Amino acid sequence: MSNGQWYPPEWPDRIRALANGDLTAATPKRAATVMLLRDGDSGPAVHMLRRRASMAFAGGAYAYPGGGVDPRDDDHQVGWAGPSLDAWALRLGVDPASAQAIVCAAVRETYEEAGVLLAGPTADTVVSDTTGDDWEADRQALVARDLSFADFLQRRSLVLRSDLLGAWARWITPEFEPKRYDTWFFVAALPAGQRTRNASTEADRTVWISPAEAAAGYDKGELLMMPPTIATLRALQPYATAADALAGASEQDMTPVLAQARLVGDELVLSWPGHDEFTKRVGTTGGRRDDGRGGAE
């Protein structure tokens, strides 16, 4: 293949079924993922994990820490610092309760999968060390959903630092996928004193890599990624520091990106609006065809 785009072999049949009216689209679940950045000698690097090859969905693909929203975080009182819930709701395109749950998911998943916690005792501090058996016990309870994130913050008298996050993009899983997610992408800088670790049971490797290097690996077919991952990596490349990227988040378009499948002659054309590089042409008799830009599908 000419690049590292992950393309499930069952997509052509599912696209045809959707086009024929034989497939009912599943309702997407809310999710959040975080592009965690740190500065290096040659610019910012982003923390990525590689999904285990045994995973049924996107096995072997590189991604960011992330996961589903916990409904318990919609209506629980959460210690909060940074922009108001109304401001977050406007930015994320949801109601204030949903905005709280989505931001909580972003912070919680970063802690669960990377061991990094964007919270502190006060509105202008951040926890400097999340190691220790007591922290690990709480992290495991969060992973198992035995403990809600709101309860975790309250137990430890912590304030969620929403000002350390910037909303970057929103992608919705295509309608022909059996499991669908409405995912908000965030950017954040690694807090001073904290270190990442591979705390995810779904990942077999983690790396700190510059967006340009990661994108080059994708273009060479060396790093496997889904369209939202490589698209957000490319959008990060112009920024010289993590702080610059965080400041630039407010300029990013939060219009949801949803793949469209349409029948054109004897082909099914799969496209992501605003992202022509991911266009796929699927013959109605099966198989994938060249997309006209030099990429094998």
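Within every chain, residues take consecutive numbers counted from 1 along the sequence as written. Side-chain atom pairs in this predicted model are given and counted only at pLDDT of 80 or more, local residue features only at pLDDT of at least 70, and totals for whole chains, interfaces and linings cover all residues. As a rule here, side-chain values come from all non-hydrogen atoms in the structure, and water together with hydrogens is ignored.

Caption draft 1: Seen up close, the nonpolar core. The criterion is simple. A nonpolar core is a set of buried Ala, Val, Leu, Ile, Met, Phe, Trp, Tyr and Cys residues joined through side-chain atoms within 4.5 Å. Here's how the labels work: a residue is buried when its accessible area is under 20% of the maximum for its type, exposed when over 50%, partly exposed in between, all with a 1.4 Å probe on protein chains only. Residues Leu92, Leu117, Phe149, Phe152, Leu165 and Phe186 are the most contacted members of the largest nonpolar core, which totals 39 residues. Secondary structure elements are taken from DSSP: a helix is a run of H or I of four residues or more, a strand is a run of E of two residues or more, and numbering for both begins at the N terminus. Counting residues per element, the ones that place at least two in this core are strand E1 (29-40), helix H2 (85-92), helix H3 (96-114), helix H4 (133-143), helix H5 (149-155), strand E8 (165-172) and strand E9 (181-189). The element best represented in this core is H3, accounting for nine residues. Pairs of residues are marked as contacts when any of their non-hydrogen atoms sit within 4.5 Å. Those residues in contact with Leu117 that sit more than four places away from it in its chain are Val107, Tyr111, Val126, Val127, Thr130, Trp135, Phe149, Phe152, Leu158, Pro191 and Gln194. Trp11, Ala245, Ala249 and Leu270 belong to the second-largest nonpolar core, a separate cluster that totals 37 residues.

Caption draft 2: Structural context of the pairing of strand E13 (residues 267-272). When you tally the buried positions in E13, you get six out of six residues, the bulk of the element. Of the two faces of E13, both are covered, the one formed by Glu267, Val269 and Ser271 as well as the one formed by Leu268, Leu270 and Trp272. Strands are labelled as partners when DSSP assigns at least two bridges between them. Once strand E12 (residues 260-264) ends, the chain turns through two residues before running back antiparallel as E13, passing Gly265 with a positive phi of about 65°.

Caption draft 3: Representation of the pattern of salt bridges. Just to be clear on terms, a salt bridge is a Lys or Arg side-chain nitrogen sitting within 4 Å of an Asp or Glu carboxyl oxygen. Counting across every chain of the model gives 16 salt bridges. For Glu112, the salt bridge is made with Arg108, and the minimal N-O distance between the two is 3.0 Å. With Glu112 and Arg108 both in helix H3, this residue pair falls four residues apart, about one helical turn. Given a relative accessible area of 6%, Glu112 falls into the buried group. The class of Arg108 is buried, set by a relative accessible area of 1%. Within the structure, one salt-bridge network assembled from shared partners comprises Asp73, Arg108, Glu109, Glu112 and Arg145.

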